[in-house]
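What follows is each chain in one-letter form.
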There are 2 protein chains.
Amino acid sequence: MKCRSCGKPAQVELPQHNRALCASCYLAWVAEYTGRTIKRFRMIAPGERVLVAVSGGKDSLSLWSLLAEMGYRADGLYIDLGIDHDGYSARSLKRAQALAGSLGRELLVVSLEEETGLTIPRLRGKGARTICSTCGLVKRYYMNLAAYRGGYSCLATGHNLDDEASSLFSNVLNWDERYLSRQSPVSPGRGEKLIRRVKPLVHLTEKEVAQYAFLRGIDWIMEECPQVEGSTFHQYKDALNRLELHSPGTKRRFYDGYLRTGRKHFPAEEPPLRECGVCGMPTTLDTCSFCRLMARG
Amino acid sequence: MKCRSCGKPAQVELPQHNRALCASCYLAWVAEYTGRTIKRFRMIAPGERVLVAVSGGKDSLSLWSLLAEMGYRADGLYIDLGIDHDGYSARSLKRAQALAGSLGRELLVVSLEEETGLTIPRLRGKGARTICSTCGLVKRYYMNLAAYRGGYSCLATGHNLDDEASSLFSNVLNWDERYLSRQSPVSPGRGEKLIRRVKPLVHLTEKEVAQYAFLRGIDWIMEECPQVEGSTFHQYKDALNRLELHSPGTKRRFYDGYLRTGRKHFPAEEPPLRECGVCGMPTTLDTCSFCRLMARG
């Protein structure tokens, strides 16, 4: 097969887009395609300082690389969660540091243990949340805090189309009205302490991102987080992958259809924000979820 | 494993309901369970005459058998679609006639060819619809017409939980607002010519219905309609079956969650009905879809 752009031998097939491309045209296409997503959802203003949350995995490292390549002033944030199984957190940090070096951009590092004396493994079983839910809460808290402290007005995460479509699938299977009202590629900032969050990779499948990372020579951490419990999300991803194989474009149609048509049927509530009595960061309650978790930790 | 009701050896496992039953307790359970669905959605009034649309397949024959067993005044309707591949329509009719005989109930037969001079195979390619969509239109038209002419106030079809959940899954994947506003176990009648349609098997999985048919000794036509095109619905059923295996109860949770929570977000339009200028049956247009199809046939 030949590259649809330049006619050289193709290396990457894109059934969803009905084309095949060579390595260099593929890298250019990913950047152009992501640029269109950023513009369409007004994610990042020209010249704006962006903080990219990087885990050491392919999605977040690819996002950082892409934003730098596209000329954005994008720094990285690594949150050390203290997962010491086979040195998971330390090895993840190394991947982030390596990319920071090759991009010539700054990497902020926040250590959960230094900040709170706790680690994700030690938070297992505290409160009613699963460990993945606890970890998500901790990461969102420190992402926002680090962006606020560092004077960034935009926080970018590496969620891809598979993440968003499977999360939407889960929300629909459970008819979760609250999540169905607010799943979005852009969570607007509110006040000066709640920073806008954006997901520039929402239109790229997991496979497309992995191909980008591979062809860009990014070294990422392959294994899944050793703390992950259960496989329900894998089941949802697996189901959508089968449908995608049978009918390319299914995930994108499902997700974009939700943004265009479905979401407006689930009106969002915007409860007023106040300052957490403990930490001073924005919350809808007297004490924010993070500080309540810490009180139990 | 032992029957949860009587302690004899169990023959049927019901992971969704976390129980196993012997053959006779299973048959009793299916009737009781279906009775609860009929009551919950106020499908059939006591003593009401019901017309059951039977195709010769396991779902519709089981429904007829169940309703008769529960004491409903249920007659059958067989629509002969003129599908002559290996005598498909004739062999399907024989199954319906055999059950009519054993139940001692009347079977009405409508022949598409006698009514219109056409058959489903001859309608292939007429207009923009797929053949399955054309066939659905023809069947809905004659079901309603036969019920109206026969003085039945209720029309029952054998749609099971797999049918409804996969159809809902398709409507959600495509965010089809119109279908999402009106998918229902009961379509209320309007005026005297639009007969109420009900689906008493919506809470039984396809497997549960097949087990009922088997244990009841019903002889049904096994092979799929030879006119069926494409396999998209099979893909949706397959995806839900995998999720159900991983987490029993997923289909029911998805479907019931829609009825309880999801559907209210998609308000139904009720365009005024008038009489079709050709046949006099209810339609929202000058000429009903069936008569427009016939004009092209």
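Look up: the structure comes first, before these words.
Residues numbered from 1 in each chain as written. Chains lettered and ligands numbered in written order. Predicted model: local features only at pLDDT ≥ 70, side-chain atom pairs only at ≥ 80, totals over all residues. Heavy atoms only, no water.

1. What about the sheet that holds strand E6 (residues 154-156) of chain A?
Residue and element names in this part refer to chain A. Strands sit in the order E5-E4-E3-E6-E8-E7 across an open sheet of 6 strands; the sheet is mixed. Where the open sheet ends on each side, the last strands, each with one partner, are strand E5 (107-111) and strand E7 (186-187). Looking at chain direction, strand E3 (residues 49-53) and strand E4 (residues 73-80) are connected through 5 bridges and run parallel. Each bridged residue has a counterpart across the sheet, and for leucine 51 the counterpart in E4 is aspartate 75. The strands touched by helix H2 (residues 58-69) within the sheet are E3, E4, E5 and E6, with E3 carrying the most contacts at an inclination of about 160°. (Pairing = 2+ DSSP bridges. Helix = DSSP H or I, 4+ residues; strand = E, 2+ residues; numbered from the N terminus. Contact = heavy atoms within 4.5 Å. Axes fitted to C-alpha atoms, helices over the stretch in contact; angles between N-to-C directions.)

2. Re unusual backbone geometry
Look at arginine 42 of chain A: it is not a glycine, yet its phi comes out positive at around 45°. Inspection of the secondary structure assignment puts arginine 42 of chain A in the loop between helix H1 (23-40) and E3. For arginine 42 of chain A, a relative accessible area of 73% puts it in the exposed group. Phi at asparagine 18 of chain B takes a positive value of approximately 55°, unusual for a residue other than glycine. (Buried < 20%, exposed > 50% of the residue type's maximum accessible area, 1.4 Å probe, protein only.)

3. Section: the pairing of strand E5 (residues 107-111) of chain B
Residue and element names in this part refer to chain B. Counting buried positions along E5 yields 4 of 5 residues, so the element is predominantly enclosed. One ladder, built from 5 bridges, connects strand E4 (residues 73-80) with E5; its direction is parallel. Looking across to E5, one finds that leucine 77 is bridged to leucine 108. Handedness of the E4-helix H3 (residues 88-103)-E5 crossover: right-handed. (Right-handed = clockwise from strand over helix to strand, strands pointing away.)

4. Quick look at the interface of chain B and chain A
It is common to give the size of an interface as the accessible area that goes away when the parts come together. Taken together, the contact between chain B and chain A spans 27 residues of the former and 27 residues of the latter. With both sides pooled, the region where chain B packs onto chain A buries about 2500 Å², and carbon together with sulfur makes up 67% of that total. Considering only the surface of chain B that becomes buried against chain A, Leu173, Trp175 and His265 of chain B emerge as the three largest contributors, covering 28% of it. The tally of links between chain B and chain A comes to 2 salt bridges. Between glutamate 177 of chain A and lysine 264 of chain B there is a salt bridge whose closest N-O contact spans 3.2 Å. Counting across the chain B and chain A interface gives 9 residue pairs in polar contact (both at pLDDT 80 or more). At the level of elements, helix H7 (161-173), helix H10 (232-246) and helix H11 (250-262) of chain B are the ones that each hand at least two residues to the side of chain B that touches chain A. The element contributing the most residues to the side of chain B that touches chain A is H10 of chain B, with 8 residues. Its residues assigned to classes, the side of chain B that touches chain A shows 13 nonpolar, 10 polar and 4 charged. (Buried area = accessible area lost by both parts, 1.4 Å probe. Salt bridge = Lys/Arg side-chain N within 4 Å of Asp/Glu carboxyl O. Polar contact = N/O pair within 3.5 Å; in protein donor to acceptor, adjacent residues only side chain to side chain. Nonpolar A, V, L, I, M, F, W, Y, C, P; charged D, E, K, R; others polar.)

5. Description of the pattern of salt bridges
Scanning the model with the defined rule gives 38 salt bridges over all chains in all. Measuring nitrogen to oxygen at the nearest pair gives 3.2 Å for the salt bridge that ties arginine 105 of chain A to aspartate 75 of chain A. One end of the pair, arginine 105 of chain A, is in the loop between helix H3 (88-103) and E5; the other, aspartate 75 of chain A, is in strand E4, and 30 residues separate them in sequence. Look at arginine 105 of chain A and you get partly exposed, because its relative accessible area is 29%. Taking relative accessible area as the criterion, aspartate 75 of chain A reaches 5% and is therefore assigned buried. Of the charged contacts in the structure, one is a salt bridge between arginine 252 of chain B and aspartate 256 of chain B, with a shortest N-O distance of 2.7 Å. One end of the pair, arginine 252 of chain B, and the other, aspartate 256 of chain B, are both in helix H11, 4 residues apart, so they sit about a helical turn from each other. Look at aspartate 256 of chain B and you get buried, because its relative accessible area is 6%.

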